[in-house]
Amino acid sequence: YDSAKVNFEKFKKEYKGDQKTLKKLAAKEILLCDSVQKLIVSEKKIVIRHLDSTINKVNTEGAPVAFNDSTLVFTSLRTDKKEYVTEEDTGDLIKRKLYFAKKQNDEWQYKGEYSTVLNDASANTGNACFSPDKKRIYFTRCKLNLNEVMTCAIYVSEKNGDDWSEPVKLPKTVNDPKYTSTMPAVTTDPAKGNEMIYYVSNNKEGKGGLDIWYTVYDKKNKVYKDPKNAGTKINTAGDEISPYFDHETRTLYFSSDGMGGLGGFDIFKATGDGKKWLALENIGQPLN
């Protein structure tokens, strides 16, 4: 990091080209070299455990979310053989679905497909999250659009006995067909108790790449308000993804590759709501 900083400073001083943004980028990298040095010398005492092999298979498992203390819902491309999948793959392959695991004797065990109502044979389904009262589930379905680009949309479903109701797609203000909307995270607005849904989109009105946005569900009028960008404290010219909101501490956790850090996407946290956030913090090693 020391030698990187020297080279960035040299570049900033000597660069005479016409790409002015490069000097700004170098200045940002100089600051990041200093901030990363602080992260390296401190490591929190955290124990990380790899989940049971009935859950983790040869393909990607992701987006785990707890329904309660003994039920974990996650997304997986579940197959016993290796399926090499890229975002540009055609629709003939096995689809991602929502699955669940149960905690038994302090160990998580795979139990099967979470809900046939939520999973769709023609789309990749994933990124589930539950409203604080556990009566609603938000999740995404992703399909190839007419331009053969994988595009996601957010759906919601109501608790219906032991299962869920037929999912409903959120309005076009959230699911603009020209862009992707994915990775919902839900909390309640502390003022009126309305649901706030944070999500990720590459909408061109953002700060660059994938940004974190939010919409508020007005429960009285049963409408989703026009989405707003979570602001420049959260979003950068890079990509911000996988938001998770802790209701008790009013803290947003998310990953970003636009703020520097120990690797590619580091996990950050910020306390606040909507567009108003207190100081941002890289959560450090060993998670990053």
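Residues numbered from 1 in each chain as written. Predicted model: local features only at pLDDT ≥ 70, side-chain atom pairs only at ≥ 80, totals over all residues. Heavy atoms only, no water.

(A) Structural view of the overall build of the chain. Helix and strand counts for the chain stand at two helices and 19 strands. Taking 2.2 N^0.38 as the reference for a compact globule, 288 residues should give roughly 19 Å; the C-alpha atoms of the chain span a radius of gyration of 20 Å, in line with that estimate. With the C-alpha coordinates aligned to their principal axes, the bounding extent of the chain is approximately 65 × 45 × 40 Å. Counting only residues that meet the buried cut, the chain has 42% of its 288 residues in that class. Counted over contacts in the chain with a minimum sequence separation of 6, partners at least 24 positions apart contribute 43%. Summed over its atoms, the accessible surface of the chain is roughly 16600 Å², and 52% of this surface lies on carbon and sulfur atoms. Of note, the chain has its 45 positive side-chain charges centred 5 Å away from the centre of its 41 negative side-chain charges. (Helix = DSSP H or I, 4+ residues; strand = E, 2+ residues; numbered from the N terminus. Rg over C-alpha atoms; globule rule 2.2 N^0.38 Å. Buried < 20%, exposed > 50% of the residue type's maximum accessible area, 1.4 Å probe, protein only. Contact = heavy atoms within 4.5 Å. Areas by Shrake-Rupley, 256 points an atom, 1.4 Å probe, with all protein chains shown as cover. Lys, Arg positive; Asp, Glu negative; His and termini not counted. Charge placed at Lys NZ, Arg CZ, Asp CG, Glu CD.)

(B) Expanded view of the sheet that holds strand S4 (residues 107-113). The antiparallel open sheet is built from four strands, whose spatial order is S1-S2-S3-S4. Both edges of this open sheet fall to strand S1 (61-68) and S4, since each of them pairs with a single strand only. Adjacent strand axes in the sheet meet at a mean angle of 30 degrees when their direction is disregarded. Pairing analysis gives six bridges linking strand S2 (residues 71-76) to strand S3 (residues 97-104), with the strands arranged antiparallel. In the sheet register, threonine 71 faces S3, and the bridge partner there is lysine 102. (Pairing = 2+ DSSP bridges. Axes fitted to C-alpha atoms, helices over the stretch in contact; angles between N-to-C directions.)

(C) The side chain of threonine 75, seen in detail. Checked against the element boundaries, threonine 75 lands in strand S2. Here the side chain of threonine 75 touches asparagine 127 through a polar contact of 3.0 Å, landing on its backbone nitrogen. Not counting residues up to four positions away in its chain, the partners in contact with threonine 75 are Thr60, Glu61, Gly62, Ala63, Arg96, Lys97, Leu98, Thr125, Gly126 and Asn127. (Polar contact = N/O pair within 3.5 Å; in protein donor to acceptor, adjacent residues only side chain to side chain.)

(D) A look at the side chain of threonine 215. Secondary-structure assignment places threonine 215 in strand S12 (residues 211-218). Residue threonine 215 is classed as buried on the basis of its relative accessible area of 1%. For threonine 215, the side chain forms a polar contact with the main-chain oxygen of lysine 225, separated by 2.6 Å.

(E) Structural context of the state of the cysteines. Inspection of every chain in the model, using the stated rule, returns one disulfide. With a sulfur-sulfur separation of 2.1 Å, cysteine 142 is cross-linked through a disulfide to cysteine 152. Note on the cysteine 142 and cysteine 152 pair: the S-S dihedral is about 105 degrees, so by sign convention the disulfide is right-handed. Pair noted here: cysteine 142 is in strand S6 (residues 136-144) and cysteine 152 is in strand S7 (residues 150-160), with a separation of ten residues, a long-range link. Here cysteine 129 stays unpaired: no disulfide links it, and the sulfur of cysteine 142, its closest cysteine neighbor, is 14 Å away. (Disulfide = S-S within 2.5 Å.)

(F) Focus on unusual backbone geometry. The amide bond that connects glutamine 285 to the next residue, proline 286, takes the cis arrangement and shows omega of 5 degrees. You will see that asparagine 127, though not glycine, has its phi angle at about 55 degrees, which is positive. Positive phi outside glycine occurs at glutamate 148, with the angle close to 65 degrees. Along the chain, the position of glutamate 148 falls in the loop between S6 and S7.

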